[in-house]
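This is what each chain is made of:
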Amino acid sequence: ILFYELFSREGPGGVAKEKKPAVMESWPPRGISVVSWNVLAPRWCSKERFPHSDENCMEWSYRKERILEKLRKCQADVVCLQEVEVRVWEGELESRVASMGYKMVKQQEKKKGIKAVGNAILYKTETFDGVEFEIHRSRVMALGLMKSSSLTHSGDRELWVVACAHLDATKPAHRLSQLKSMFKHLEKQKLDCTSRVVVCGDFNAEPHSDVAKAMRNKKEEDAYDSLFFKSAYSAYLGKEPMTYSVKGWNGTLDYLWYTHSSIGVEHAKPVFETPFQAEIIRNEGLPSAAIPSDHMPIGATFVPIAPSEEVKQWMKAKAAKEAKARAKAKAKTKARAKAKAKTKTSCPLGKKQRRPKNKVDGVRSMDLKKAAAKRSARKTMLRVTLERLRKKRGELKNTDGQATQTQKQGDADEKSETPVQLGSVDSLPGWVMVDEKSTASGSMRAGTKGWVIMDASSVMDGDLNAASNEAQLSRNDPSPGLFPSLFSLLMPQSLACGHAPPQTVF
């Protein structure tokens, strides 16, 4: 009796004794009850990892019966399980859980389907009408559960969001990112401070860790700035209980967080049935014959509460901010429509006829020099090709003497104004450079972007006097120029006589 009284005043680990202790069989009282438990997957329960535990206690055939017994005794409305190995839960265990009145929702992966080892949420079908939405992330899953309202008798329904988390055990930075990923997806459900949200599970973090601080200390820049959380055990008992024990280390890794602006804690389930049990577990560690996992189950009962004055002010400020944003967006849309209508009125064709700023023909002014350089390089390339073609036709001589003789003959022809006979191939310039746009307009223009080289050897007749002079000019000066008579002679006449059109090289 003295031993019991000694630990009755304050249990091991500094957990104060409640005035009216409640055992598991009588739990829970009225309200929405949530239990969280890491049940230890069979693949990770071995003598190597838990050398202090009895091998018989680690057999799955023994452990599963103890797990089902705990679930049957607690009879919580929602049970969040971590380390659920699907291959051993499918079939018998899932059917036995269903016989207790639960429906089981297992965590899924984006591409692979149901996770081999992951989280699972069990909810009472008699308590909840159904699932409003599901969220599945790498380490967290959440359900939006609908329940008939307990505040009114008008048939309204309440949305309870329950999230089950099993964060990374080795990398603290990953835990924060996994937690933020969950809240980022919860934000898409348009939750605010009036929403009823419970986040529980194995956080693999102690109370002084960054993850626990992030849940307790809310900041406006967080993705979940409209949800304000407290720990159920800290609010009800004043401190966090021991939830994990292996021989040599005891501490808190499991939590029950709730939005204190919309729900309150009516009761927190005692982690240990007696102080004596807590002392034994602290000294001997888990798993044991009584507890089939290395974690203790935790749980609490939550009740909806009316918004406080602080919450009402926050909601009012948020509504004003949203109304201001909507008005600003509406004014912006109206201004755009007005500007568009004004543009249509000033433009008879209904199109915007304005030149882009600092642009000329679609080219920025800063790039004009580069564009001019490209055109000059193209013309130079065409001139080189023209010379190569003339040499191939035999119009240019390889020796200086022949070139001189040809030049003198050309001078004599120009002085005597004797027309060049275009019927002879030797009398033609052979190849000339013309503006490629002239083929459509019929007029020769210099200074445009594109130039072509055309074969004039098939022309049989035409305006011989004008064309001969231009042909002689093109022979002496192969640079681009204006040859309207020659062009009108090359293009239409050759087509009329059945000859092939001039050949375009570029």
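Basis of the calculations
- Along each chain, numbering runs from 1 in the same order as the chain's sequence is written.
- Given that the model is predicted, a residue must reach a pLDDT of at least 70 before its local features are reported, and side-chain atom pairs must reach 80 or more before they are shown or counted; all residues, however, enter totals for whole chains, interfaces and linings.
- To obtain the side-chain values, all non-hydrogen atoms of the structure were included, while hydrogens and water were left out.
- Helix numbers and strand numbers start at the N terminus; a helix is a DSSP run of H or I with at least 4 residues, a strand a run of E with at least 2.
- The rule is simple: take the accessible area with a 1.4 Å probe, protein chains only, and divide by the maximum for that residue type; under 20% is buried, over 50% is exposed, in between is partly exposed.
- Two residues form a contact once any of their heavy atoms are found within 4.5 Å.
- Calculation of accessible area relied on Shrake-Rupley with a 1.4 Å probe; when residues are assessed, cover is drawn exclusively from the protein chains displayed.
- Here, the term nonpolar core denotes a set of buried Ala, Val, Leu, Ile, Met, Phe, Trp, Tyr and Cys residues that are joined through side-chain atoms within 4.5 Å.
- Axes here mean lines fitted to C-alpha atoms, for a helix over just the part in contact, with angles spanning 0 to 180 degrees between N-to-C directions.
- Orientation labels follow simple angle bins: below 35 degrees gives roughly parallel, above 145 gives roughly antiparallel, 65 to 115 gives roughly perpendicular, and whatever is left gives oblique.
- Working rule for handedness: look at the near helix, and if it is turned counterclockwise from the far one by less than a right angle, call the crossing left-handed; if clockwise, right-handed.
- For this classification, the nonpolar set comprises Ala, Val, Leu, Ile, Met, Phe, Trp, Tyr, Cys and Pro, the charged set comprises Asp, Glu, Lys and Arg, and every other residue, Gly included, is treated as polar.
- Any two strands are treated as partners once DSSP identifies two or more bridges connecting them.
- Only rings of Phe, Tyr and Trp enter the pairing, Trp through its six-membered ring, and a pair is recorded when the two centres are within 6.5 Å. The plane angle decides the type: under 30 degrees is stacked, over 60 is edge-to-face, the rest tilted.
- Taken from the helix axis, the directions to the C-beta atoms give the arc we talk about.
- Salt bridges are defined by distance alone: a side-chain nitrogen of Lys or Arg within 4 Å of a carboxyl oxygen of Asp or Glu.
- Only residues whose relative accessible area exceeds 30% and that form no salt bridge are eligible for patches; like-charged ones are grouped when within 9 Å, while nonpolar side chains (Val, Leu, Ile, Met, Phe, Trp, Tyr) are grouped when within 5 Å.
- Charge assignment in this entry is limited to Lys and Arg as positive and Asp and Glu as negative, and neither His nor the chain termini are counted.
- We put the charge of a Lys on NZ, of an Arg on CZ, of an Asp on CG and of a Glu on CD.
- Expected helix span is taken as 1.5 Å per residue step, with the number of steps being one fewer than the number of residues.
- Each residue carries a pLDDT score, the predictor's own confidence in it, on a scale running from 0 to 100.

(A) Expanded view of the overall build of the protein chain. The secondary structure content of the protein chain amounts to 14 helices and 20 strands. Counting only residues that meet the buried cut, the protein chain has 43% of its 506 residues in that class. Considering only contacts within the protein chain whose residues lie at least 6 apart along the sequence, 72% involve residues at least 24 apart. Working note: accessible area of the protein chain is about 28100 Å², and carbon and sulfur atoms make up 52% of it.

(B) Representation of the nonpolar core within the structure. Within the largest apolar cluster, 33 residues are counted, with the highest numbers of intra-cluster contacts made by V34, V78, L256 and F302. If we skip the residues at most four places from it in the chain, L256 touches V34, V198, V199, C200, K230, S231, A232, Y233, I298, G299 and A300.

(C) Main features of the packing of helix α2 (residues 60-74) against helix α4 (residues 92-99). Following both chains from N to C, one finds α2 and α4 inclined at 15°, their axes separated by 11 Å at the closest point. In terms of orientation, α2 and α4 fall into the roughly parallel class. When you trace α2 past α4, the crossing you get is right-handed. Side by side, α2 and α4 meet where W60, K64, E65, L68 and R72 of the first sit next to E92, L93, R96 and V97 of the second. Looking at the contact of α2 with α4, its residues break down into 4 nonpolar, no polar and 5 charged.

(D) Layout of the pairing of strand β14 (residues 254-259). The element β14 is extensively covered by neighbouring structure, given that 6 of its 6 residues are classed as buried. Taking every second residue as pointing to the same face, both faces of β14 are buried, with D254, L256 and Y258 on one and Y255, W257 and T259 on the other. Across 3 bridges, the pairing between strand β11 (residues 229-231) and β14 is antiparallel. When the bridges of β14 are listed, S231 appears paired with W257.

(E) Representation of the packing of aromatic side chains. Taken as a whole, this structure holds 8 aromatic pairs when the rule is applied. Judged by centre distance (6.5 Å) and plane angle (70°), the rings of F203 and W257 are edge-to-face. A residue pair is termed long-range when its members are at least 10 positions apart, and F203 in the loop between β10 (196-202) and α6 (210-216) and W257 in strand β14 qualify at 54 residues. Accessibility expressed as a relative area gives 1% for W257, which makes it buried.

(F) View of helix α8 (residues 275-284). Within α8, burial applies to P275, Q277, A278 and I281. For α8, the angular spread of the buried residues around the axis is 155°, confining them to a single face. G285 lies just past α8 and shows a positive phi near 85°.

(G) Main features of the pattern of salt bridges. Scanning all chains against the criterion turns up 11 salt bridges. Two residues, K73 and E69, come together in a salt bridge whose shortest N-O distance is 3.4 Å. Separated by 4 residues within a single helix, K73 and E69 lie in helix α2, roughly one turn from each other. Judged by relative accessible area, which is 28%, E69 ranks as partly exposed. Salt-bridge contacts for R87 lead to E85; the nearest nitrogen and oxygen are separated by 2.6 Å.

(H) Quick look at the sheet that holds strand β15 (residues 263-268). Across the sheet, 6 strands lie side by side as β3-β6-β2-β1-β16-β15; this open sheet has mixed pairing. Either end of the sheet is taken by a strand with one partner, and the two such strands are β3 (102-106) and β15. The average undirected angle you get between the axes of adjacent strands in this sheet is 25°. Where β15 lies against strand β16 (residues 298-304), 5 bridges are found, and the strand directions are antiparallel. The residue of β16 that forms the bridge with A268 is A300.

(I) Highlighting unusual backbone geometry. In this model, L286 is joined to P287 through a cis peptide bond whose omega is -5°. Along the chain, P287 turns up in the loop between α8 and β16. A positive phi is found at Q75, a non-glycine position, where the angle reads about 50°. On the secondary structure map, Q75 appears in the loop between α2 and β2 (78-85).

(J) Representation of a negative patch on the surface. Among the surface-exposed residues, E48, D54, E55 and E59 lie close enough to one another that they form a single negatively charged patch. Inspection of the secondary structure assignment puts E59 in the loop between β1 (32-38) and α2.

(K) Spatial organisation of a positive patch on the surface. A contiguous patch of positive charge, built from K110, K111, R137, K184 and K188, is present on the exposed surface. Taking relative accessible area as the criterion, K111 reaches 81% and is therefore assigned exposed.

(L) View of helix α5 (residues 172-187). Taking 1.5 Å per residue, 16 residues should reach 22 Å; α5 reaches 23 Å between its end C-alpha atoms and fits that length. Residues R175, Q178, L179, S181, M182, F183, H185 and L186 constitute the buried set of α5. The secondary structure elements touched by the buried residues of α5 are β7 (130-136), β8 (140-148), β9 (157-166), β10, α6 and β11.

(M) Structural detail: the pairing of β8. Of all 9 residues that make up β8, 8 are buried, and the element is covered over most of its length. Relative to β8, β7 runs antiparallel, the two being bridged by 6 bridges. Looking across to β8, one finds that H136 is bridged to M141. Hairpin connection of β7 to β8: 3 residues between the antiparallel strands.

(N) A look at the confidence of the model for the protein chain. In the predicted model, the protein chain carries a mean pLDDT of 75, and the fraction of residues at 70 or more is 64%. Here residues 349-353 scores under 50 on pLDDT; set against residues more than four positions off or in separate chains, the count is 3 contacts. Scored below 50 in pLDDT, residues 455-464 makes 27 contacts in the model with residues more than four places away or belonging to other chains.

(O) Region of the structure containing the sheet that holds β14. Taken in spatial order, the 6 strands of this open sheet run β7-β8-β9-β10-β14-β11, and their pairing is mixed. A strand with exactly one partner marks an edge of an open sheet, and here the two such strands are β7 and β11. Going from strand to strand, the sheet's axes swing by 20° on average, the running direction of each strand aside.

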